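Overview (structure and organization)
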Amino acid sequence: MILIGLTGGIGSGKSTVSGLLAEYGAVIIDADAITRELQAPGAPLLVTLADRFGDSIVDSSGALDRAALAAIAFSDPEALKDLNKIVHPAVAAEMDRRMNEVRNTDKVVVLDIPLLAENPRKGLCGVVVVDVPVEIAVERLVQLRGMPKSDAQARIAKQASRDDRLKIADQVIDNSGDLDSLKQQVKTVWEWAKQLPPATDDAGERANKD
Ligand code: ADP
């Protein structure tokens, strides 16, 4: 496989880029989507979370009540530590499982990780960063995703800075323009990715294990 890291701040357009790469034939391993799947109603991870944090984190339909869990985790450093200790290894194991399924193919595999700058991976063949000015990210999150402006700003403030992400980039997609400009750049990135040398056997492991 050719293993690519894809990252970008919230509202940068990272999901749009991974969707376009999937259309070209990339295998997308999406950390956020896996986290949601593992926490689906009845999933073992959700049961473990309810054991630790109480049934108030599960709503009447059996789904994770993210706001209730966040309220507990962000008011108590020990709770946050426990939450990370429960969720991170489970998500990492599932990402590894999916990567191993395609490790010996010639596919372009995209690890779609919002916090890649904060949690680096070994052996990536290349890193793609989707970059926009913070004001544009906030505007898109408010207008297109209906997020309150203060929420959007607070979430962005908690993530790595643009500079920190740009430091790890081999390819930068500037998503301050329109969707056509984005598509053109994704095409260029796809052509670049396809010709990279394949990944080594330990590629994709977390560089700083928790
Ligand atoms: P992320 O996954 O980085 O949080 P998304 O891909 O969901 O970001 O993009 C945020 C919002 O902005 C979505 O509604 C998306 O459709 C829209 N969007 C992304 N790129 C552009 C663009 N170049 N022009 C206009 N809207 C865009």
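Preceding block: the structure.
A brief structural summary. (Residues numbered from 1 in each chain as written. Predicted model: local features only at pLDDT ≥ 70, side-chain atom pairs only at ≥ 80, totals over all residues. Heavy atoms only, no water.)

**Some points on the site of the ligand**
Taken together, 15 residues sit near the ligand, with Gly11, Ser15, Thr16, Arg145 and Asn175 positioned nearest. In this structure, asparagine 175 approaches the ligand through a side-chain N or O atom, which is 2.7 Å from a nitrogen atom. Glycine 177 places a main-chain nitrogen or oxygen 2.9 Å from a nitrogen atom of the ligand. When isolated, the ligand has an accessible area of 560 Å², and the protein chains bury 80% of it. For the shell around the ligand, the class distribution of residues is 3 nonpolar, 8 polar and 4 charged. (Near = heavy atom within 4 Å. Polar contact = N/O pair within 3.5 Å; in protein donor to acceptor, adjacent residues only side chain to side chain. Areas by Shrake-Rupley, 256 points an atom, 1.4 Å probe, with all protein chains shown as cover. Nonpolar A, V, L, I, M, F, W, Y, C, P; charged D, E, K, R; others polar.)

**Points about the nonpolar core**
Looking at soluble globular proteins, one finds that nonpolar side chains tend to be buried together. The biggest cluster of nonpolar side chains holds 30 residues, and the ones touching the most others in it are Leu3, Leu49, Phe53, Met95 and Leu111. Counting residues per element, the ones that place at least two in this core are helix 2 (31–38), helix 3 (44–53), helix 4 (66–73), helix 5 (77–102), strand 3 (108–112) and strand 4 (126–131). No other element matches the 8 residues that helix 5 contributes to this core. Apart from the residues lying within four places of it in its own chain, the contact partners of leucine 3 are Met99, Val109, Leu111, Leu124, Cys125, Gly126, Ala199, Ala203 and Gly204. (Core = buried A, V, L, I, M, F, W, Y, C linked by side-chain atoms within 4.5 Å. Buried < 20%, exposed > 50% of the residue type's maximum accessible area, 1.4 Å probe, protein only. Helix = DSSP H or I, 4+ residues; strand = E, 2+ residues; numbered from the N terminus. Contact = heavy atoms within 4.5 Å.)

**Overview of the sheet that holds strand 4**
Read from one edge of the open sheet, 5 strands run 2-3-1-4-5, paired in parallel fashion. The strands lining the two open edges of the sheet, one partner per strand, are strand 2 (27–30) and strand 5 (171–174). Adjacent strand axes in the sheet meet at a mean angle of 25 degrees when their direction is disregarded. Bridge count for strand 2 against strand 3 is 4 bridges, and the pairing is parallel. Within strand 3, the residue paired with isoleucine 28 across the bridge is valine 110. The strands that helix 5 touches are strand 1 (2–8), strand 2 and strand 3; relative to strand 2, the one it contacts most, it runs at about 165 degrees. Packed on one face of the sheet, helix 9 (residues 179–194) meets strand 1, strand 3, strand 4 and strand 5 and runs near 165 degrees to strand 5. (Pairing = 2+ DSSP bridges. Axes fitted to C-alpha atoms, helices over the stretch in contact; angles between N-to-C directions.)

**Focus on the packing of aromatic side chains**
One pass over the structure, following the stated rule, counts 1 aromatic pair. A centroid spacing of 5.7 Å and a plane angle of 10 degrees characterise the contact between tyrosine 24 and tryptophan 190, whose relative ring orientation is stacked. With tyrosine 24 in helix 1 (residues 14–24) and tryptophan 190 in helix 9, this residue pair connects regions lying 166 residues apart in the sequence. For tryptophan 190, a relative accessible area of 9% translates into the label buried. Seen from the ring of phenylalanine 74, lysine 158 lies directly overhead, with NZ or CZ sitting 4.8 Å from the centre. (Phe/Tyr/Trp six-rings, centres within 6.5 Å; stacked < 30°, edge-to-face > 60°. Lys NZ or Arg CZ within 6 Å of the ring centre and 35° of its normal.)

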